[in-house]
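One-letter residues, chain by chain:
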Amino acid sequence: MSHKVYITNNQKAVKIPSGMRILIRRACNAVLEYEHFEGGAEISVNFVDDAQIAQLNKQYRGKDAPTDVLSFPLGENGQYDYNQETGAAMLGDIVISMERAVEQAALYGHSLQREVAFLTVHSMFHLLGYDHEAGGLAAVHMREKEEATLIQLGLPRTVSYTPEP
């Protein structure tokens with residue numbers, strides 16, 4: 001069963017490079033493959049600007065600041081709602097600030113594609129129930145999975161990535 005990735009561009013700050021949507025679909029598929037996800041899955045990916053993601057961050061996380069990516073998982077403990085028409089598991093929503101992605105790509109010295117692929121992979125693991133908020137072993141474990149997936153995509157991490165506090 002195939003996976004559906006719905007991609008919406010809700011911002012005008014950054015022009016979406018050609019090939020970006022294909023890369024995001026590949027990134028989502030790579031994570032599902034890596035995790036041996038059974039059956040079909042549906043994921044929605046939204047491109048927003050800093051103002052929009054700051055509003056969502058404040059609304060849902062109580063943090064009054066823009067961030068790079070937000071994950072809104074629909075499942076809990078490996079239990080998902082299913083699309084009645086397709087039978088696919090609805091994993092949730094990924095919201096990416098394209099403004100922040102451009103800044104971080106420049107900061108880390110890699111391409112926008114590499115940055116957006118990383119943010120997508122990172123968020124996909126959140127949708128599948130992984131968490132790094134507490135740090136420790138869970139965070140290390142999640143980072144290793146991200147790294148393995150990015151290598152599979154031909155996009156190895158060029159710098160050590162540490163999320164901001």
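Look a little higher up for the structure.
Residues numbered from 1 in each chain as written. Predicted model: local features only at pLDDT ≥ 70, side-chain atom pairs only at ≥ 80, totals over all residues. Heavy atoms only, no water.

A. Looking closely at the overall build of the chain. Secondary structure assignment for the chain yields five helices and five strands. Its C-alpha atoms give the chain a radius of gyration of 15 Å, within 12% of the compact-globule value 15 Å for 165 residues. Each principal axis of the C-alpha distribution contributes one length, and for the chain these read about 40 × 35 × 30 Å. Here the chain holds 165 residues, and 47% of them are scored as buried. Of all intrachain contacts in the chain linking residues separated by at least 6 positions in sequence, the fraction that spans at least 24 positions is 68%. Counting only carbon and sulfur atoms, one obtains 51% of the accessible surface of the chain, whose full area is about 8,800 Å². Distance between charge centres in the chain, computed from 14 positive and 21 negative side chains, equals 6 Å. (Helix = DSSP H or I, 4+ residues; strand = E, 2+ residues; numbered from the N terminus. Rg over C-alpha atoms; globule rule 2.2 N^0.38 Å. Buried < 20%, exposed > 50% of the residue type's maximum accessible area, 1.4 Å probe, protein only. Contact = heavy atoms within 4.5 Å. Areas by Shrake-Rupley, 256 points an atom, 1.4 Å probe, with all protein chains shown as cover. Lys, Arg positive; Asp, Glu negative; His and termini not counted. Charge placed at Lys NZ, Arg CZ, Asp CG, Glu CD.)

B. View of the pairing of strand S2 (residues 41-48). The element S2 is largely enclosed, with a buried count of eight among its eight residues. Residues of S2 alternate between two faces, with Ala-41, Ile-43, Val-45 and Phe-47 on one and Glu-42, Ser-44, Asn-46 and Val-48 on the opposite face, all of them buried. As paired elements, strand S1 (residues 4-9) and S2 share six bridges and run parallel to each other. Among the inter-strand pairings, Val-5 is bridged to a residue of S2, identified as Ile-43. This β-α-β element, S1 to helix H1 (residues 20-34) to S2, shows left-handed connectivity. Strand direction decides the pairing type here: S2 and strand S5 (residues 89-97), joined by eight bridges, are parallel. Paired with Phe-47 across the strands is Ile-96, a residue of S5. (Pairing = 2+ DSSP bridges. Right-handed = clockwise from strand over helix to strand, strands pointing away.)

C. Up close: the side chain of Glu-115. One can find Glu-115 in helix H4 (residues 112-127). Of the side chains with opposite charge, Arg-114 lies nearest to the buried Glu-115, which makes no salt bridge, at 5.2 Å. Filtering out sequence-adjacent residues up to four positions away, Glu-115 remains in contact with Ala-101, Gln-104, Ala-105, Tyr-108 and His-110. (Salt bridge = Lys/Arg side-chain N within 4 Å of Asp/Glu carboxyl O.)

D. Region of the structure containing the nonpolar core. Of all hydrophobic cores here, the largest spans 39 residues; its most connected members are Ile-43 and Leu-91. Contributing elements (two or more residues each) for this core: S1, H1, S2, S5, helix H3 (98-108), H4 and helix H5 (136-152). Sort the elements by how many residues they give to this core and H4 lands first, with nine residues. (Core = buried A, V, L, I, M, F, W, Y, C linked by side-chain atoms within 4.5 Å.)

E. Layout of H1. The end-to-end C-alpha distance of H1 is 21 Å, a good match for the 21 Å that 15 residues give at a rise of 1.5 Å each. Within H1, the full set of buried residues consists of Met-20, Leu-23, Ile-24, Ala-27, Cys-28, Ala-30, Val-31 and Leu-32. Contact partners of the buried residues in H1: S1, S2, S5, H3, H4 and H5. The first or second residue beyond H1 is His-36, which carries a positive phi of 50 degrees. (Expected span 1.5 Å × (residues − 1).)

F. Representation of the pairing of S5 in the model. In terms of residue burial, S5 counts as a mostly covered element, since seven of its nine residues are buried. Direction of pairing for strand S3 (residues 69-73) relative to S5: antiparallel, over a ladder of five bridges. Bridge pairing in S5 links Val-69 to Ile-96. Where strand S4 (residues 81-82) folds back on S5, the antiparallel hairpin that results is connected by six residues, among which Gly-87 adopts a positive phi of roughly 80 degrees.

G. Molecular detail of the environment of Ser-44. Locating Ser-44 in the fold gives a position in strand S2. Sequence-wise, Ser-44 and Leu-91 are 47 residues apart; in three dimensions their C-alpha atoms are separated by 8.4 Å. Not counting residues within four places of it along the chain, the set of residues in contact with Ser-44 comprises Tyr-6, Gly-92, Asp-93 and Ile-94.

H. Quick look at the packing of H1 against H4. Put simply, H1 and H4 touch, their axes get as near as 9 Å, and they point 35 degrees apart. For the element pair H1 and H4, the recorded crossing hand is right-handed. Together, Met-20, Leu-23, Ile-24, Ala-27, Cys-28, Val-31, Leu-32 and Tyr-34 of H1 and Leu-112, Gln-113, Val-116, Ala-117, Thr-120, Val-121, Met-124 and Phe-125 of H4 make up the contact between the two elements. Within the contact of H1 with H4, the residues separate by chemical class into 14 nonpolar, two polar and no charged. (Axes fitted to C-alpha atoms, helices over the stretch in contact; angles between N-to-C directions. Left-handed = near helix turned anticlockwise from the far one by under 90°. Nonpolar A, V, L, I, M, F, W, Y, C, P; charged D, E, K, R; others polar.)

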